[in-house]
Amino acid sequence: MADDVIEALEKKENQEPSESEWKETGNGPILSIGNLRVWFELKKWGFAHAGYVRAVDDVSFDLEAGGALAIVGESGSGKTSLMKTILGLYEPHEGKIVFEDRDISRFNKKELDWYRSKVGFIQQDPYGALPPFMTVKTILEEPMKINDVKDPKEREERVLKVMEEVRLSPPQEYLEKFPHMLSGGQQQRVVIGRAMIMEPDLIVADEPVSMLDASVRVEILKLLESLQKSHNLAVIYITHDLSTVRYFSDRIFVMYAGELVEKAEVEQILHNALHPYTKALLKGTSEPDARNADIIKEIPPGEPPSLVNPPSGCRFHPRCPKKIDGLCEIKVPPEFEPAESGHLTACWLYDNDVDKT
Ligand SMILES: Nc1ncnc2c1ncn2[C@@H]1O[C@H](COP(=O)(O)OP(=O)(O)OP(=O)(O)O)[C@@H](O)[C@H]1O
Ligand SMILES: [Mg+2]
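Okay, so let's go over this structure.

Reading guide: rules and limits
- Residues numbered from 1 in each chain as written.
- Chains lettered and ligands numbered in written order.
- Predicted model: local features only at pLDDT ≥ 70, side-chain atom pairs only at ≥ 80, totals over all residues.
- Pairing = 2+ DSSP bridges.
- Helix = DSSP H or I, 4+ residues; strand = E, 2+ residues; numbered from the N terminus.
- Contact = placed C-beta atoms within 7 Å.
- Axes fitted to C-alpha atoms, helices over the stretch in contact; angles between N-to-C directions.
- Buried ≥ 20, exposed ≤ 12 C-beta atoms within 10 Å, placed from the backbone.

**Concerning the sheet that holds strand S5 (residues 102-103)**
Phase 1 of the analysis: Taking strand neighbours across the sheet as the criterion, the four strands line up as S2-S1-S4-S5 in an open arrangement whose pairing is antiparallel. In this open sheet, the two strands that pair with only one neighbour each are strand S2 (48-63) and S5.
Phase 2 of the analysis: In this sheet, strand S4 (residues 94-99) lies alongside strand S1 (residues 31-44) in antiparallel orientation, the contact comprising five bridges. Considered in S4, the bridge of Ser32 is made with Val98.
Phase 3 of the analysis: In the packing of helix H3 (residues 79-86) onto the sheet, contacts are made with S1, S2 and S4, and the angle to S2 comes to roughly 75°.

And the structure:
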């Protein structure tokens, strides 16, 4: 082979692949989380180290392109901390986040802008998420300006298209409005439109309907479901309410005190929950329907534990009706796979070698 051809091939091999090549060559998951810990340092008198809030502790999972995952857990279990770390807003204490085969901790400013355009974020409080002095049009144009979409005509076309997609229609009615002029449901549609405008591959939705009226919750969930299908989007949907996951999730991960205690397909969780905490969560579930808005839900009895000094062994043991004395409060349970393949739970009840009498 001619030297110049060999040299060209070697040069190509050593080059960083372009964005499109990354997508084509990567056979792995779109997102891979490995042994992630997100700890917040506590300071006494503003400076002395006083321990850590272990908001996320040793969390690992993969998400395939186009896959939908729900993370369910009580208030304070670490769901938002996990999401904000995935979005690159918090630095992990330990562990790895790999997006389309690239370790996000190595991203420079430009790559981080690109990453944030590929991962759309929908948060709980739509009004808080929208800049109050910007019109819908400017809000939707902003991500394109950050990501160098310079042609105003192209920006306008994309704004109109996304507004139709999130059903803010006809767009002319909303373009010049400020967030306070919109209802909660319309505000959340703007937030979803902003998340979609750069054609992301992954959407992270953190309690997207919990602050909305019960009457619009189902509509917004159905909108997210249809966007996921039409754009083959991967979705991570965070909620404390298991009843909403069946709208568009393939798998459910149950989070308790910073850890994932059960991972399974939706049907497996709904019909064959294994972990005592998941069973307690299911008891407190109702349909996200306006007619159920006044039903007071049962929650698992007891308080979620401190994340500064979490319980030893299994973190759920102080609240667990099935606790095995002499084991659960001492040893951290590994993941067991007792029923169907891919249905994992970190609970000693499923260790065949343990005497449960
Ligand atoms: N920036 C921060 N600094 C210090 N501690 C934090 C910070 N963010 C979250 N925490 C703590 O981490 C723990 C997990 O909080 P997080 O907001 O992740 O929970 P969550 O599951 O999203 O709860 P909710 O359902 O109420 O939104 C809590 O104890 C919280 O006080
Ligand atoms: Mg939260």
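**Looking at helix H6 (residues 136-146)**
Phase 1 of the analysis: Val136, Ile139, Leu140, Glu141, Pro143 and Met144 are the residues of H6 that are buried.
Phase 2 of the analysis: Against the buried residues of H6 lie helix H4 (109-118), helix H7 (152-165) and helix H8 (184-196).
Phase 3 of the analysis: Positive phi shows up at Asp148, right after H6, with a value of about 60°.

**Some words on unusual backbone geometry**
Phase 1 of the analysis: Cis geometry is found at the peptide bond from Ser169 to Pro170, where omega equals 0°.
Phase 2 of the analysis: One can find Pro170 in the loop between H7 and H8.
Phase 3 of the analysis: Despite not being glycine, Asp58 has its phi angle at roughly 65°, a positive value.
Phase 4 of the analysis: With respect to the helices and strands, the residue Asp58 is situated in strand S2.
Phase 5 of the analysis: We classify Asp58 as partly exposed; it has 15 C-beta atoms within 10 Å.

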